[in-house]
Amino acid sequence: MKSVLIVDDAMFMRYTLRRILEKNGFQVVGEAENGLLGAQKYGELLPDIVTMDITMPELNGIGAVQLIKQINPQAKIVMISAMGQQHLVREAILAGASNFLVKPFSDERVVQVLNSI
Amino acid sequence: MDKSLSKEPMLEMFIFENLQLLEQLEQTILAHEKERCLENAVINEIFRIMHTIKGSAAMMMYDSISSLAHAIEDLFFYIREFHPDEMDYSKICDMVLDGIDFIKNEIGKLEQDQEADGDSSPFVENIEQYLLLIKEASANSNLINEAAARPAGLQKKFYISTSKSPPTENIKRYHALIYFTPGCEMENIRAFNLVHKLKDQAEQIDYLPADIIENNDSVEFIRENGFAVIFTTHLQQEAINELFMKEAFIDSLDLRVMEDEEWEIEQLRARNQIILEDEEPTISNNRAKETGANLHSGGSRQSLINVNVDKLDRLMDMVGELVISETMVALNPDLTTATRLDNFHKATRQHRKIINELQDIVMSIRMVPLTMTFHKMNRIVRDMSKKQNKNVELVIRGEETEVDKKIIEHLSDPIMHLIRNAIDHGIESPEKRAGLGKSPIAQVYLEAKSEGGDVYIILRDDGAGLDKEKILERARARGLIQKPDSNLSDGEIFSTILLPGFSTCDEISEFSGRGVGMDVVLKNIEAIGGTVLVDSAPGQGTTISLKIPLTLAIINGMRVKVGNSIYIIPITSIKESFKAQRGDVIVDPNGKEMIMVRGECYPVLRLHKKYQVKSALEDISKGIIVIVQNDSGSICLFVDALLGEQQVVVKALPKFIGKIAGISACTLLGDGRACLIIDVANLINPSKS
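Parameters at a glance
Residues numbered from 1 in each chain as written. Chains lettered and ligands numbered in written order. Predicted model: local features only at pLDDT ≥ 70, side-chain atom pairs only at ≥ 80, totals over all residues. Heavy atoms only, no water. Helix = DSSP H or I, 4+ residues; strand = E, 2+ residues; numbered from the N terminus. Buried < 20%, exposed > 50% of the residue type's maximum accessible area, 1.4 Å probe, protein only. Contact = heavy atoms within 4.5 Å. Areas by Shrake-Rupley, 256 points an atom, 1.4 Å probe, with all protein chains shown as cover. Axes fitted to C-alpha atoms, helices over the stretch in contact; angles between N-to-C directions. Parallel < 35°, antiparallel > 145°, perpendicular 65-115°, else oblique. Left-handed = near helix turned anticlockwise from the far one by under 90°. Core = buried A, V, L, I, M, F, W, Y, C linked by side-chain atoms within 4.5 Å. Domains from an automatic or database assignment. Nonpolar A, V, L, I, M, F, W, Y, C, P; charged D, E, K, R; others polar. Phe/Tyr/Trp six-rings, centres within 6.5 Å; stacked < 30°, edge-to-face > 60°. Lys NZ or Arg CZ within 6 Å of the ring centre and 35° of its normal. Pairing = 2+ DSSP bridges.

**Let's talk about the overall build of chain B**
Regarding its fold elements, chain B presents 21 helices and 22 strands. Residues counted as buried form 46% of the 689 residues belonging to chain B. For chain B, the proportion of contacts with a sequence separation of at least 24, taken over those separated by at least 6, is 70%. Only carbon and sulfur atoms are counted for the fraction: they give 52% of the accessible area of chain B, which is about 35,600 Å².

Laid out in structure tokens, this is it:
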């Protein structure tokens with residue numbers, strides 16, 4: 001069972017993702033509400049996969065990807081983006097994100113992406 | 001959205017979180033509106049909150065909310081990136097506040113299990129038009145500047161493959177045509193991601209469409225024609241196939257090895273077409289840094305969870321029961337037969353201590369600061385002063401005062417009514433104020449403080465004050481006052497404005513209505529066991545104080561014995577107690593007893609008479625006198641004995657008993673006996689309730 005860390009500043013999104021993931025056989029090992037905490041928790045938990053929101057307080061998703069990549073260059077990070085964030089997603093990919101999802105997303109898409117990396 | 005996900009908890013969280021965000025946003029805007037400019041941090045905050053709402057609403061398929069949030073997000077994105085000079089801050093704030101209202105309203109519908117069926121398109125249009133307007137305005141003024149400032153990195157660079165080595169035997173050039181799963185969105189970025197990954201494995205990567213990032217039309221192109229990528233690698237076809245197919249959202253892949261000639265031609269074409277994809281994303285990087293820096297100042301939020309109030313109520317009840325059962329154990333009648341109980345008492349003391357702490361914690365969980373309720377009023381003041389052309393400043397003090405959640409629910413409406421009334425009827429127009437030599441900016445103070453077991457909420461304005469004569473005249477005309485004028489205190493006269501059917505203002509305004517508000521205030525406050533006091537000085541303003549209990553659930557009470565019954569008197573209303581001598585009692589011609597204490601005369605109320613309790617002490621010197629007081633006066637209660645102080649869990653009188661004059665509620669004692677809590681206000685002034 002793959003372990004997942006959810007990083008998102010919206011409680012609603014964290015909750016939604018957790019439900020989808022747990023229903024589909026992933027183990028959500030932690031949640032963080034901003035990029036800084038996300039990177040910190042990554043270091044503590046070393047999950048298999050991180051889902052990373054882009055727009056967040058303290059440190060945005062791209063900054064967090066950079067931090068996490070410093071901890072583990074092999075880290076698997078899926079960006080959670082929204083329409084209109086093409087440039088940010090691109091930056092995230094350059095920073096080392098493995099893939100991305102676009103809100104709104106369905107269960108299947110989440111599972112598909114997380115299984116692909 | 002997947003139907004199999006149960007919506008309820010999700011919906012609940014959606015409502016909870018977004019309402020909180022909207023509230024936060026509203027406060028931010030109101031706080032900064034006055035400064036006539038929006039700092040970067042504020043713009044960022046608005047942008048971020050709208051972004052979050054957009055995402056959540058889209059997940060829940062509330063398109064009207066999501067599109068409105070998107071429009072506001074776009075507007076603030078533009079403001080953040082380009083800092084246009086020509087901006088009407090007041091208008092922007094209005095638009096955002098209108099937007100907030102709309103979304104709040106929609107969420108309100110969801111809360112009541114209705115459909116969020118509002119149409120946000122007029123708002124969206126409005127915002128989009130305005131965005132267009134400022135874009136044009138700044139384009140005109142900044143045309144030259146912008147062109148100069150445009151970094152060279154944005155210029156399109158053409159790419160000529162860096163590696164010129166011809167294919168050797170193992171290295172082949174492949175052509176792949178990829179179609180993505182329909183509806184997976186951002187196909188261009190997916191393509192970019194694919195290329196980015198391919199870089200580890202392949203060289204000389206070229207692709208079509210070339211400008212996948214810069215050109216948004218590339219999305220359409222990829223959807224229709226697929227994404228073509230050409231690359232050189234030593235990997236075998238199967239390995240490449242696998243590499244691609246592992247990627248998410250790839251619908252179909254057409255992979256083939258290219259022939260040499262084909263390669264040559266393609267390479268020539270590529271020279272003119274393909275963009276260097278290693279190009280430094282100058283602009284975006286700068287933006288990211290800026291964003292990061294700004295976000296840092298966003299401040300930290302406390303980590304909170306939301307709990308259903310019903311659960312808290314149940315927890316509170318259980319703790320109440322625990323307190324009672326603890327007393328039942330500690331004061332168990334069987335213990336009187338035991339001889340040595342030292343260890344038992346030691347244990348029960350510890351037990352009690354822990355229960356007290358538990359009780360405090362549970363109470364504190366239910367306590368909510370008045371901050372939210374108070375800050376909501378900023379909006380009321382803003383809207384009203386704008387519409388009425390009055391310049392009003394709201395001064396808030398003591399917002400951190402905490403009150404039981406249940407009580408707070410009853411406070412918002414009364415305070416709102418009072419503020420509306422104050423601005424509508426109390427505060428004069430700026431011209432009039434200038435004429436009177438008052439500051440043109442009127443002030444409304446909203447203050448909270450706790451004193452003992454009560455919280456005072458004081459609302460003071462520096463307006464015209466109440467017109468005593470007019471009130472009297474009106475009250476008489478409506479038959480609200482029977483006593484002659486000379487017997488009325490100022491307080492009594494002013495209090496008549498709280499009575500139903502009283503209105504001093506002849507005009508009806510959009511905000512405070514027909515004067516139905518004030519009696520609603522009284523009703524609401526009395527419902528939570530509070531009182532309302534009105535005071536006013538002509539020309540200087542009006543002060544309305546709401547006295548409300550800290551909590552409804554547990555009070556400190558004094559157990560008093562009357563005959564075989566035990567009553568509870570709320571400690572907060574006890575002023576003093578003393579033994580009286582028979583000679584202290586004065587009897588008036590009507591047979592009413594009074595006691596003189598330090599020159600003040602108090603009526604005596606014998607509780608055994610009042611409640612018709614038999615076999616009680618009749619002799620005043622044998623029992624004890626307890627002086628209780630409230631706002632309207634003091635009174636001596638005659639009881640048999642004081643038994644001790646105790647925290648009691650207030651329980652409403654059962655419905656079949658109904659309301660009894662002089663009794664506010666009941667509680668359970670440690671030995672399981674029910675016991676009545678005395679309604680001091682009613683004993684002092686029976687006519688009031």
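**A look at the packing of helix 13 (residues 371–388) of chain B against helix 15 (residues 412–426) of chain B**
Residues and elements named next belong to chain B. Look at helix 13 against helix 15: their axes get within 10 Å of each other, and the N-to-C directions meet at 30 degrees. What the angle tells us is that helix 13 and helix 15 run roughly parallel. The hand of the helix 13/helix 15 crossing is right-handed. Residue-level inspection shows Thr373, Phe374, Lys376, Met377, Ile380, Val381, Met384 and Gln388 of helix 13 in contact with helix 15, the latter providing Ser412, Ile415, Met416, Ile419, Arg420, Ile423 and Asp424.

**A word on the nonpolar core**
Membership of the largest hydrophobic core comes to 121 residues, with the highest contact counts inside it found for Met52(A), Phe76(B), Ile178(B), Phe227(B), Val229(B), Phe231(B) and Phe244(B). With 11 residues, the top contributor of residues to this core is helix 4 (residues 89–111) of chain B. Both of domain 1 (7–154) and domain 2 (172–278) of chain B provide at least three residues apiece to this core. Excluding anything up to four places from it in sequence, Ile178(B) contacts Leu194(B), Gly226(B), Phe227(B), Val229(B), Phe244(B), Ile250(B), Ser252(B) and Leu253(B). Grouped together as the second largest cluster of nonpolar side chains are 45 residues, Leu370(B), Leu411(B), Val444(B) and Val521(B) included.

**Considerations on the packing of helix 4 (residues 86–95) of chain A against helix 6 (residues 187–198) of chain B**
Two elements in contact, helix 4 of chain A and helix 6 of chain B, have axes separated by 10 Å at closest approach and are oriented at 15 degrees. For the element pair helix 4 of chain A / helix 6 of chain B, the angle class is roughly parallel. At the point where helix 4 of chain A passes helix 6 of chain B, the crossing takes the right-handed sense. Between helix 4 of chain A, through Gln86(A), Val89(A), Arg90(A), Ile93(A) and Leu94(A), and helix 6 of chain B, the contact on the second element is made entirely by Asn188(B), Ile189(B), Phe192(B), Asn193(B) and His196(B). Considering only residue class, the contact of helix 4 of chain A with helix 6 of chain B consists of 5 nonpolar, 4 polar and 1 charged.

**Digging into the packing of aromatic side chains**
What the rule picks out here adds up to 6 aromatic pairs over all chains. Geometrically, the ring pair formed by Phe14(B) and Tyr62(B) is tilted, given 5.3 Å between the ring centres and 55 degrees between the ring planes. Of this pair, Phe14(B) sits in helix 1 (residues 7–33) while Tyr62(B) is found in the loop between helix 2 (40–59) and helix 3 (63–82), placing the two residues 48 residues apart along the sequence. Of the two residues, Phe14(B) and Tyr62(B), neither departs from the other in class, the shared state being buried. Aromatic side chains Phe47(B) and Phe77(B) sit 6.1 Å apart centroid to centroid with 40 degrees between the ring planes, which places their arrangement in the tilted category. In this pair, Phe47(B) is assigned in helix 2 and Phe77(B) in helix 3, connecting sequence segments 30 residues apart. For Phe47(B), a relative accessible area of 7% translates into the label buried. The class for Phe77(B) is partly exposed, based on a relative accessible area of 29%. Ring-pair connections join several aromatic residues into one group, and the members of that group are Phe12(A), Phe14(B) and Tyr62(B). Just above the ring of Phe47(B) sits the side chain of Arg80(B); from NZ or CZ to the centre is 4.4 Å.

**Focus on the sheet that holds strand 1 (residues 172–180) of chain B**
Residues and elements named next belong to chain B. Spatial ordering of the open sheet is given by 2-3-1-4, a layout of 4 strands whose pairing is antiparallel. Among the strands making up the open sheet, the edge pair consists of strand 2 (203–208) and strand 4 (250–257). Geometrically, the sheet is characterised by an average inter-axis angle of 20 degrees between neighbouring strands, direction not taken into account. In the sheet, strand 1 pairs with strand 4 via 7 bridges, with the strands oriented antiparallel. Considered in strand 4, the bridge of His175 is made with Arg256. Taken strand by strand, helix 6 contacts strand 1, strand 2, strand 3 (227–233) and strand 4, and its axis lies near 155 degrees from that of strand 1.

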